[in-house]
Amino acid sequence: MKTLRMIVNPNDKLSHINKEIYGNFSEHLGRCIYGGFYVGEDSDIPNTDGIRNDIIDAFRKIKRPVLRWPGGCFADEYHWKDGIGEKSARKKMVNTNWGGVTEDNSFGTHEFMRLCELIGCEPYIAGNVGSGTVQELSEWVEYMTFDGISPMAELRARNGHEKPWKVKYLGIGNENWGCGGNMEPEVYAGVYRRYQSFCKNYSGNELFRIACGPSGGDYNWTDVMMRKLKNEYGWMAKGLSLHFYSIKDWNNKGKAAEFDDKRYYELLAVAACVDPIIKHHKEIMDRYDPDNNVGLIVDEWGTWYDVEDGTNPGFLYQQNTMRDAMVAAISLDIFNKHSDRVIMANIAQAVNVLQAVILTEGEKMITTPTYHVFDLYKEHQDGTLIYSHCANEKIEGENLNVISQSVSMSGSGALHITLSNCSLTDSYEIKCGIIDTEIKSTSARILTGDAHDLNDFDHPDNVTVKPYEVKTEGGDLIVTLPPCSVVAVEVNA
Ligand code: AHR
């Protein structure tokens with residue numbers, strides 16, 4: 001076993017880790033909403049107002065802080081008024097992006113808000129810019145948040161919700177460089193400025209307006225947006241989104257559970273690229289906004305493979321293995337590291353789509369290895385990022401660190417250390433010195449297995465978190481990391 005030194009300095013407090021970094025993205029795509037979250041009030045599957053109880057419990061357990069909805073590409077063809085009122089009278093539409101299926105709009109604004117209430121998370125609404133109108137988005141905000149006498153507030157009351165909801169996060173368009181209208185950044189910036197002017201703060205509700213940002217390394221998009229998002233009164237957006245999917249080759253994405261060692265390391269190295277990409281976007285944002293008024297919001301990230309055999313290619317259903325768990329650990333460490341600017345991240349997606357944290361089949365529900373990483377990392381939510389450094393090694397032939405880590409301090413003063421080892425062959429002993437700290441007690445949990453290990457409906461707990469032993473020796477914390485593992489340690493001094 002190899003030994004690596006790591007240092008943690010609790011005196012060096014770097015930034016606040018917004019809990020929203022542990023958010024999720026959900027879309028009307030495949031079986032994410034229908035058959036995933038939502039089965040309807042009349043279903044035999046235990047539910048609350050049509051929303052599956054098992055999913056509510058699973059999301060509460062990992063303290064999901066925020067859920068983005070209704071898309072994605074779907075958002076820019078979604079007309080919210082079609083999704084309110086008597087269900088049988090709701091207008092149907094074609095979901096042109098995702099399989100061309102008929103969307104019956106039985107899950108709309110009221111159902112989404114109820115879902116967020118049940119999970120205990122903030123709603124993040126993605127508004128339609130690509131095929132919608134300014135009036136439509138403006139009225140949606142009024143419908144959701146205005147407390148008083150107005151056409152939209154009265155409509156809401158007639159639909160059974162007298163009191164308004166609180167809506168903080170509002171995305172103005174999605175991927176407007178692509179499925180959201182194929183706009184040039186200069187064009188979108190003008191459109192954004194217009195739309196945001198009519199999204200009002202009603203009745204004490206304060207919107208956190210989010211502009212569509214770049215795809216991956218499109219630095220020009222960020223540059224143009226940062227240049228155009230400010231006028232003499234200040235910033236017109238509080239967030240700029242970034243989408244980054246871990247895909248090695250769009251034409252040969254491969255299967256979620258079928259890969260060799262080379263492909264495993266290659267994919268992890270792609271996931272790790274979000275680090276320099278964020279760094280570069282941050283440099284641009286720092287230039288225009290040194291006071292950090294606009295946060296970077298990675299509101300779509302995750303793995304994207306070929307769909308599982310026999311499933312609708314438009315539904316993006318993929319399995320999820322320990323490889324995905326490693327991608328999640330590496331990505332979350334990077335978001336934590338950049339939490340001075342990255343204020344939210346939403347893994348794509350929540351249920352049955354892409355790097356899902358939950359999969360369902362009829363009444364059965366399983367949590368994926370990725371879900372368990374969120375469980376291990378939940379203590380970082382709203383913690384303070386603490387300086388740490390590991391004398392790392394690279395995976396041979398790849399620009400990929402073997403060890404990835406995050407350290408945070410919670411309000412109680414406890415240190416939360418997450419460590420992952422992506423090597424498929426080697427165990428590592430991490431000898432961790434914690435400056436000015438006398439360790440009084442530790443507790444740890446581990447997620448580990450073969451890179452191909454997964455949970456399926458017959459083996460729901462094949463990959464799961466287990467209690468783990470760590471040691472202290474000469475004042476150091478000693479953590480052994482088996483190959484392909486993620487460990488979370490709590491240290492109390
Ligand atoms: O998550 C699937 C799709 O990926 C989203 O709808 C879109 O925003 C992105 O291209």
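Our structure is the block above this text.
Definitions and limits used
- Residues numbered from 1 in each chain as written.
- Predicted model: local features only at pLDDT ≥ 70, side-chain atom pairs only at ≥ 80, totals over all residues.
- Heavy atoms only, no water.
- Phe/Tyr/Trp six-rings, centres within 6.5 Å; stacked < 30°, edge-to-face > 60°.
- Helix = DSSP H or I, 4+ residues; strand = E, 2+ residues; numbered from the N terminus.
- Buried < 20%, exposed > 50% of the residue type's maximum accessible area, 1.4 Å probe, protein only.
- Pairing = 2+ DSSP bridges.
- Axes fitted to C-alpha atoms, helices over the stretch in contact; angles between N-to-C directions.
- Salt bridge = Lys/Arg side-chain N within 4 Å of Asp/Glu carboxyl O.

Colleague: Honestly, the packing of aromatic side chains in this entry has me stumped. Any pointers?
Modeller: To describe a pair of aromatic rings, one takes the distance between the centres and the angle between the planes. Scanning the entire structure with this criterion turns up 23 aromatic pairs. Where Trp-80 meets Tyr-143, the ring centres are 4.9 Å apart and the plane angle is 50 degrees; that geometry is what we call tilted. Pair noted here: Trp-80 is in the loop between strand E5 (66-69) and strand E6 (93-95) and Tyr-143 is in helix H3 (residues 134-145), with a separation of 63 residues, a long-range link. Residue Trp-80 is classed as buried on the basis of its relative accessible area of 1%. Overall, Tyr-143 belongs to the buried group, its relative accessible area being 0%. Between Phe-146 and Tyr-202, the aromatic rings sit 5.3 Å apart at their centres with planes inclined by 80 degrees, giving edge-to-face as the arrangement. Of this pair, Phe-146 sits in the loop between H3 and helix H4 (151-158) while Tyr-202 sits in the loop between helix H5 (185-197) and strand E10 (208-211), and the two are 56 residues apart along the sequence. A relative accessible area of 17% places Tyr-202 in the buried class. Members of the aromatic cluster, connected to one another through ring pairs, are Tyr-34, Tyr-38, Trp-69, Phe-74, Tyr-78, Trp-80, Phe-107, Phe-112, Trp-140 and Tyr-143.

Colleague: Just checking my understanding: could you explain the sheet that holds strand E13 (residues 239-246) for this structure?
Modeller: For sheets, the rule is that strands pair by backbone hydrogen bonds, running either parallel or antiparallel. Taken in spatial order, the 8 strands line up as E2-E5-E8-E9-E10-E13-E14-E15 and close into a barrel, and their pairing is parallel. When strand polarity is set aside, the average angle formed by the axes of neighbouring strands in this sheet is 25 degrees. The pairing of E5 with strand E8 (residues 122-127) spans 4 bridges and is classified as parallel. Each residue of the ladder has a partner; that of Arg-68, found in E8, is Tyr-124.

Colleague: Is there a simple way to explain the pattern of salt bridges in this structure?
Modeller: One side chain can pair with another of opposite charge once the charged atoms of both are near each other. Tallied over the full model, the rule gives 29 salt bridges. Where Glu-206 meets Lys-238, a salt bridge forms, and the shortest distance between an N and an O atom there is 3.8 Å. With Glu-206 in the loop between H5 and E10 and Lys-238 in the loop between strand E12 (234-235) and E13, this residue pair connects regions lying 32 residues apart in the sequence. Across the salt bridge formed by Lys-337 and Asp-275, the nearest N and O atoms sit 2.8 Å from each other. Taken together, the residues span a long stretch of sequence, with Lys-337 in helix H9 (residues 322-337) and Asp-275 in helix H8 (residues 274-288) at a distance of 62 residues. A single network of salt bridges, built from pairs that share partners, joins Lys-61, Asp-375, Lys-378 and Arg-445.

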